[in-house]
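# A look at the structure
Below are the chains, spelled out letter by letter.
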Amino acid sequence: MKKMFRQFDTAVTWTEDIICAALLVAIVCISGSQMILRYFFSRGILWGDEVNQALMVALGMFGCAKAIRCNGHTELTSLLRKPKSANVRIILRGIVNLIALVTLAVLFWSSIGYAASGTTVKSVVLRIPRIWFYISMPVGFGLAIYEFLKIIKERIMNDPPEDYDLAPSEEGLE
């Protein structure tokens, strides 16, 4: 069972990475083409802005899951390190992580309704149902929940590493 989960997780990781890279390349290509066409040829790609908007949302959603997987999201380390008692720190981390998980669940549920509302609305230029633009939101929040659930026990039970804070040290300011 663990081997099967590991294989599934590897597939999810590769899928997230490939989709993020492909979305970024597409955004750069479309934006670069738009810039060249507009400034040098006084023309543009009519559908470019509409597609870029959808790609940006998708990149944000898949990037959110990737950031959770890589432990790149913010954490309240300055608050969570203050108590001297390890048990109090564990309780505080549990509360903070529960709030984060509930927030992700609410956003996931809301995004499902938002995506479903796109079945009747068509995009302005391409005239395709907006659900194809909105579907990345529930998928992204679902992946974020999956990634968060994978690491939640470790995040609650273990103190973040000391070098986790990215604030400049006092010594370097003099």
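Now for a quick tour of the structure. (Residues numbered from 1 in each chain as written. Predicted model: local features only at pLDDT ≥ 70, side-chain atom pairs only at ≥ 80, totals over all residues. Heavy atoms only, no water.)

A separate point is the overall build of the protein. From N to C terminus, the protein includes 6 helices and 0 strands. Helices and strands appear in the protein in the N-to-C order α-α-α-α-α-α. For 174 residues, the compact-globule estimate of 2.2 N^0.38 gives 16 Å, and the C-alpha radius of gyration of the protein, at 21 Å, exceeds that figure by more than 25%. The principal-axis extents of the C-alpha atoms in the protein amount to approximately 65 × 50 × 30 Å. Across the 174 residues that make up the protein, the buried fraction comes to 33%. Summarising the internal contacts of the protein: among those between residues at least 6 apart in sequence, 70% fall at separations of at least 24. As displayed, the protein has an accessible area near 11,700 Å², and 69% of this comes from carbon and sulfur atoms. Here the protein holds 18 positive side-chain charges and 15 negative ones, and the gap between their average locations is 10 Å. (Helix = DSSP H or I, 4+ residues; strand = E, 2+ residues; numbered from the N terminus. Rg over C-alpha atoms; globule rule 2.2 N^0.38 Å. Buried < 20%, exposed > 50% of the residue type's maximum accessible area, 1.4 Å probe, protein only. Contact = heavy atoms within 4.5 Å. Areas by Shrake-Rupley, 256 points an atom, 1.4 Å probe, with all protein chains shown as cover. Lys, Arg positive; Asp, Glu negative; His and termini not counted. Charge placed at Lys NZ, Arg CZ, Asp CG, Glu CD.)

This part covers the nonpolar core. Among the nonpolar cores identified, the biggest contains 30 residues, and Leu-23, Leu-55, Ile-68, Leu-104, Ala-144 and Phe-148 are the most heavily contacted of them. Beyond its immediate sequence surroundings of up to four residues, Leu-55 is in contact with Leu-23, Ala-26, Ile-27 and Ile-30. (Core = buried A, V, L, I, M, F, W, Y, C linked by side-chain atoms within 4.5 Å.)

One non-glycine residue, Ser-42, lies in the positive phi region at around 55°. With respect to the helices and strands, the residue Ser-42 is situated in the loop between α1 (2-41) and α2 (48-69). Looking at Ser-42, the relative accessible area reads 69%, which means it is exposed. The backbone phi angle of Arg-127 is positive, close to 60°, even though this residue is not glycine. When you line up the elements, Arg-127 lands in the loop between α4 (86-117) and α5 (131-134).

A complete count under the given rule lists 3 aromatic pairs for this structure. On the basis of an interplanar angle of 55° and a centroid distance of 6.3 Å, the ring pair of Phe-5 and Tyr-146 is categorised as tilted. Of this pair, Phe-5 sits in helix α1 while Tyr-146 sits in helix α6 (residues 136-157), and the two are 141 residues apart along the sequence. In this structure Tyr-146 comes out as buried when scored by relative accessible area, which is 17%. On the numbers, 5.7 Å between centres and 85° between planes, the contact of Phe-8 with Tyr-146 is edge-to-face. Of this pair, Phe-8 sits in helix α1 while Tyr-146 is found in helix α6, placing the two residues 138 residues apart along the sequence. When its relative accessible area of 48% is taken as the criterion, Phe-8 is described as partly exposed. One aromatic cluster is present, formed by Phe-5, Phe-8 and Tyr-146 through successive ring pairs. The lysine or arginine in question, Arg-130, covers the ring of Phe-133, its NZ or CZ lying 4.5 Å from the ring centre. (Phe/Tyr/Trp six-rings, centres within 6.5 Å; stacked < 30°, edge-to-face > 60°. Lys NZ or Arg CZ within 6 Å of the ring centre and 35° of its normal.)

Attention now goes to the packing of α2 against α6. At a minimum axis distance of 8 Å, the contact between α2 and α6 shows a crossing angle of 5°. One element, α2, and the other, α6, form an angle in the roughly parallel class. Contact residues: Val-57, Ala-58, Met-61, Phe-62, Cys-64, Ala-65, Ile-68 and Arg-69 in α2; Ser-136, Met-137, Val-139, Gly-140, Phe-141, Leu-143, Ala-144, Glu-147, Phe-148, Lys-150 and Ile-151 in α6. In the contact of α2 with α6, the residues fall into 14 nonpolar, 2 polar and 3 charged. (Axes fitted to C-alpha atoms, helices over the stretch in contact; angles between N-to-C directions. Parallel < 35°, antiparallel > 145°, perpendicular 65-115°, else oblique. Nonpolar A, V, L, I, M, F, W, Y, C, P; charged D, E, K, R; others polar.)

With respect to the helices, strands and loops of the structure, Ile-19 is situated in helix α1. Taking relative accessible area as the criterion, Ile-19 reaches 27% and is therefore assigned partly exposed. Sequence-wise, Ile-19 and Ile-36 are 17 residues apart; in three dimensions their C-alpha atoms are separated by 26 Å.

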